[in-house]
Amino acid sequence: MQRGALLDAARSLLSEGGTEALTFPALAERTGLARSSVYEYFRSRAAVVEELCAVDFPVWAAEVEAALAAADTPEAKVEAYVRQQLALVGDRRHRAVVAISASELDAGARDKIRAAHGGLIAIVVEALGDLGHTHPRLAAMMVQGVVDAAVRRIELGAAEEPDVIAEAAVSMALRGVRG
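These notes cover the structure that comes with them. This structure is a prediction, so every number in the text was calculated from the model and none was measured.

Membership of the largest hydrophobic core comes to 54 residues, with the highest contact counts inside it found for Leu22, Leu27, Val48, Tyr81, Val82 and Leu86. Those elements giving two or more residues to this core turn out to be helix 1 (2–17), helix 2 (24–31), helix 4 (45–70), helix 5 (74–87), helix 7 (107–130), helix 8 (136–155) and helix 9 (162–175). With 11 residues, helix 4 is the largest single contributor of residues to this core. Leaving out residues up to four positions away in the same chain, leucine 27 has contacts with Leu6, Ala9, Ala10, Leu13, Leu22, Val38 and Val48.

Next comes the structure, spelled out in structure tokens:
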């Protein structure tokens, strides 16, 4: 129960203040634990990040997979892949991962994040193959690049509304620079 409370506090801290806000004293304060007690659950900030990834990435991937499963054509699946990820931008679990991704982490934490993103990318590979891409995994990485750019734009509070950014991302993913 305490581990869950610490992870929930870490999500809040990351989504509210970015990686600088994720400190053991702040985690202790948010959960009512002694700072030394936080160290009983996590040896480092990177360990907190690794666990957040292990817990949250599968949830997001399941949500993206469900959106693709509900789509009936390869184009609709690619669109669902983009839209579902952008819909998650407002979710504090997602904001926490965006903050995590921007932080300086140890190699183990970065590897876990990369592996989780690789699993997310794998979800759309088949649809891109069905669309005729000769290198569907490469195309999936490019589509994910569009999603990542759109997420950053939304997170930065860009001048455009999130819906406009989502439409542009879907258009780029489906039609490239043709619009």
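Attention now goes to the environment of valine 146. Locating valine 146 in the fold gives a position in helix 8. C-alpha separation for the pair valine 146 and valine 82, spaced 64 residues apart in sequence, amounts to 8.4 Å. With residues near it in sequence (within four places) discarded, valine 146 still touches Ala169 and Met172.

The next subject is the packing of helix 4 against helix 5. Two numbers describe how helix 4 lies on helix 5: the axes approach to 8 Å, and their chain directions differ by 145 degrees. As for the relative orientation of helix 4 and helix 5, their crossing is right-handed in sense. Taking contact as the criterion, the partners of Glu63, Val64, Ala67, Leu68 and Ala69 in helix 4 are, on helix 5, Lys77, Ala80, Tyr81, Gln84 and Gln85. Considered class by class, the residues forming the contact of helix 4 with helix 5 number 6 nonpolar, 2 polar and 2 charged.

Reading the values: rules and limits
- Residues numbered from 1 in each chain as written.
- Predicted model: local features only at pLDDT ≥ 70, side-chain atom pairs only at ≥ 80, totals over all residues.
- Heavy atoms only, no water.
- Core = buried A, V, L, I, M, F, W, Y, C linked by side-chain atoms within 4.5 Å.
- Buried < 20%, exposed > 50% of the residue type's maximum accessible area, 1.4 Å probe, protein only.
- Helix = DSSP H or I, 4+ residues; strand = E, 2+ residues; numbered from the N terminus.
- Contact = heavy atoms within 4.5 Å.
- Axes fitted to C-alpha atoms, helices over the stretch in contact; angles between N-to-C directions.
- Left-handed = near helix turned anticlockwise from the far one by under 90°.
- Nonpolar A, V, L, I, M, F, W, Y, C, P; charged D, E, K, R; others polar.

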